[in-house]
Amino acid sequence: MSLMRQLLFATSWGKHRSFVRDAQEPERAQERVWNETWSLLRDSPFWADRLGARAADREARLEDFGITDYETYRPALEACFAGERVSPLSNEEILFWCESSGTSGKRKLFPLTETFRRQFQRTTPPLLHQFTRRFPDFLAKPVLYFAAALPAERSPAGVEVGFISNFNYRHIPGFLQKHYAFPLESFRDSETFLKWAPLYALQTDLSAMIAITPSMVEQFAERIEAGFESVYLPALEGQIALPAGLPPLKATAERIALLKRAFLMRPFSFREVWPGLQFVCCWKSSTCGLQLPKLERYLQGRVPVVDATYSATEGWLTVPLVSGPEMRGMGGALHPGAHRVEFFKAGNAPLANELLPLWKLEAGQDYEVVLTTAMGFIRYRLYDVVRCTGYFHRTPILEFRHKSGNLLSLGQARISEAYLISALDEIGQPARGRWVFAPNAFGDQLLLYSDQEADGSGALQRIARHVHQKLCELNPDYAADIESRLLKPVGVEFLEPGHAYWTRSEHAQSKQAVLRQAGPGT
């Protein structure tokens, strides 16, 4: 056991035990989280104005609040973004504005505060503790942690604006940061990361790779493979100079010799390039599950893939069970001590008086998630559908299924019918036959499926290009994944008129579906 692993094992043990106790007594944990949250929010301008005299009630019951969504908070947050540094929802200083895509074309901005940060990061130590228990050489070598580029924007008040993954990259405990293979400078912009970050992975052995989606890792491997002889090997041998501001490389002659041998095979093997690699951690459910077979070309059955925490910008919810007798291949146990979480059955109306506590979910059933957090959102509808697959003690094990309503989760991006309809209103719908947008079989591309073969006019291709451009304009997550080559531009695929895909959900009163959760190959 490496010294770093021993240190992480010891420092995460107490928080892992707290997670287990909360899973055994979820009622007590959820009440504690509500009291922590309400003691902060009751003095905020937003809730004082919204509730009037009731805001002073120090014993307020969560059950007395209605269900909200982002539009409930948007006016207050946009006014705050325009010039304030203190959140109107929690009365705390804003450390970072987290950016995410909205469902109606307008981006969402979320105020990350210190108490909210403490809440959502409670899911991390129990997961890290399980890593130390299952993987004996975890942290014996550096870790590859994939994150978004450094923020390029600030609010008018001077607060950074960007994706939460980069904030977390820069605010993980120092002793873990020292084990990152990617230097912070490699994240200065997407172009730098795409071209030069692979060098810092190649110059050393690794013990783990941690990413959000499998396609992040797979695309990274493809870039290495395509540029090994022309860029990366010459740079490691000192024949190509790095751009100014990037740290010098430290590849030994022995390491370079190992790489030359490993890259005689195509596709190359992760285990040959990084003999110490213990695991890859990324999302495995929904469209991310479609991406795993492409990544397996490089893993070749020799490196396990463990599921990552089910999370959103609005909150982190689960602790994947990656060790011990409760080990699961997919999904994770909801942490009752992180946020207050309620549910209603998928497909039902979202009624405040019918929300279910976490300990009343039924295995095998799908539910929508409703969150209450120290960010300032109370009974916030996340528009995520999850499935309860069992229990860890008395807390449910959840697997993300898809976005609710007319929303598709494609990697990190959330694509709604509203985006597609907006684009089609501008350029027009396909003139003939049946058509629908859906993900490809690998979950890394949105395709326009049509039962009309190409007629030489290029009409379907023009529609696909226009939809792609519109998504890039309206959806920052989609644009970022396109720029990073994690997603491919919208394409077109022909399906013969008699294909079973066209009749899966058709009935006498069926409406034209613009967006489907799954394509014909899934």
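It should be emphasised that the depicted structure is a prediction, and the values quoted were computed from it without experimental measurement. (Residues numbered from 1 in each chain as written. Predicted model: local features only at pLDDT ≥ 70, side-chain atom pairs only at ≥ 80, totals over all residues. Heavy atoms only, no water.)

Topic: the sheet that holds strand 4 (residues 153-154)
Turning to step 1, where the next piece is worked out: Strand order in the open sheet made by the four strands is 2-1-5-4, with mixed pairing throughout. Two strands close off the open sheet at either side, each with one partner strand: strand 2 (108-112) and strand 4.
Turning to step 2, where the next piece is worked out: With two bridges joining them, strand 4 and strand 5 (residues 160-162) adopt antiparallel strand pairing. Residue pairing in the sheet places Glu153 in a bridge with Val161 of strand 5.
Turning to step 3, where the next piece is worked out: Along the sheet, helix 4 (residues 70-81) makes contact with strand 1 (96-100), strand 2, strand 4 and strand 5, crossing strand 2 at roughly 70°. (Pairing = 2+ DSSP bridges. Helix = DSSP H or I, 4+ residues; strand = E, 2+ residues; numbered from the N terminus. Contact = heavy atoms within 4.5 Å. Axes fitted to C-alpha atoms, helices over the stretch in contact; angles between N-to-C directions.)

Structural notes on helix 10 (residues 214-236)
Turning to step 1, where the next piece is worked out: The terminal C-alpha atoms of helix 10, which comprises 23 residues, lie only 26 Å apart, well short of the 33 Å expected from a rise of 1.5 Å per residue.
Turning to step 2, where the next piece is worked out: Most pronounced at Phe228, the bend in helix 10 amounts to some 95°.
Turning to step 3, where the next piece is worked out: For helix 10, the buried fraction is high: 19 of the 23 residues fall into the buried class.
Turning to step 4, where the next piece is worked out: Positive phi appears at Gly238, one or two residues downstream of helix 10, with a value of about 85°. (Expected span 1.5 Å × (residues − 1). Bend = angle between axes of the 7 residues up to and from the residue. Buried < 20%, exposed > 50% of the residue type's maximum accessible area, 1.4 Å probe, protein only.)

Some remarks on the nonpolar core
Turning to step 1, where the next piece is worked out: One finds Phe131, Phe146, Leu202, Met209, Phe270 and Trp274 to be the most contacted residues of the largest nonpolar core, which totals 75 residues.
Turning to step 2, where the next piece is worked out: Not counting residues within four places of it along the chain, the set of residues in contact with Phe131 comprises Phe138, Phe279, Cys281, Val306 and Val322.
Turning to step 3, where the next piece is worked out: Leu317, Leu361, Cys388 and Leu398 belong to the second-largest nonpolar core, a separate cluster that totals 52 residues. (Core = buried A, V, L, I, M, F, W, Y, C linked by side-chain atoms within 4.5 Å.)

Description of the side chain of Thr373
Turning to step 1, where the next piece is worked out: Relative to the elements of secondary structure, Thr373 occurs in the loop between strand 15 (366-372) and strand 16 (380-392).
Turning to step 2, where the next piece is worked out: Using a relative accessible area of 1% as the deciding quantity, one classes Thr373 as buried.
Turning to step 3, where the next piece is worked out: Polar contacts involving the side chain of Thr373 include one to the main-chain amide nitrogen of Met375, which spans 3.2 Å.
Turning to step 4, where the next piece is worked out: Discounting residues that sit within four places of it in the chain, Thr373 has contacts with Thr37, Leu41, Phe116, Gln119, Glu314 and His339. (Polar contact = N/O pair within 3.5 Å; in protein donor to acceptor, adjacent residues only side chain to side chain.)

Looking at the confidence of the model for the chain
Turning to step 1, where the next piece is worked out: Of all residues in the chain, 93% attain a pLDDT of 70 or more, and the chain-wide mean is 89.
Turning to step 2, where the next piece is worked out: Ranking the helices and strands of the chain by mean pLDDT puts strand 14 (residues 356-357) first, with 98, and helix 8 (residues 174-177) last, with 76.
Turning to step 3, where the next piece is worked out: Low pLDDT (under 50) marks residues 505-511, which in the prediction has three contacts with non-local residues, meaning those over four places away or in another chain. (pLDDT = per-residue confidence, 0-100.)

Considerations on the sheet that holds strand 13 (residues 340-345)
Turning to step 1, where the next piece is worked out: Read from one edge to the other, the open sheet built from seven strands follows the order 11-12-17-16-15-13-14, with strand pairing classed as antiparallel. Two strands close off the open sheet at either side, each with one partner strand: strand 11 (318-320) and strand 14.
Turning to step 2, where the next piece is worked out: As defined by bridge partners, strand 12 (residues 332-334) adjoins strand 17 (residues 395-403) across two bridges and the pair is classed as antiparallel. Bridged to Ala333 within strand 17 is Ile397.

With respect to helix 15 (residues 459-474)
Turning to step 1, where the next piece is worked out: The first and last C-alpha atoms of helix 15 sit 23 Å apart over 16 residues, in line with the 22 Å expected at 1.5 Å per residue.
Turning to step 2, where the next piece is worked out: Listed in full, the buried residues belonging to helix 15 are Leu460, Ile463, Ala464, His466, Val467, His468, Lys470, Leu471 and Leu474.

Structural notes on the pattern of salt bridges
Turning to step 1, where the next piece is worked out: Summed over the entire model, instances satisfying the criterion amount to 28 salt bridges.
Turning to step 2, where the next piece is worked out: Two residues, Arg28 and Glu25, come together in a salt bridge whose shortest N-O distance is 3.2 Å.
Turning to step 3, where the next piece is worked out: A salt bridge links Arg401 to Glu399; the nearest nitrogen and oxygen atoms lie 3.4 Å apart.
Turning to step 4, where the next piece is worked out: You can call Arg401 partly exposed: its relative accessible area is 29%. (Salt bridge = Lys/Arg side-chain N within 4 Å of Asp/Glu carboxyl O.)

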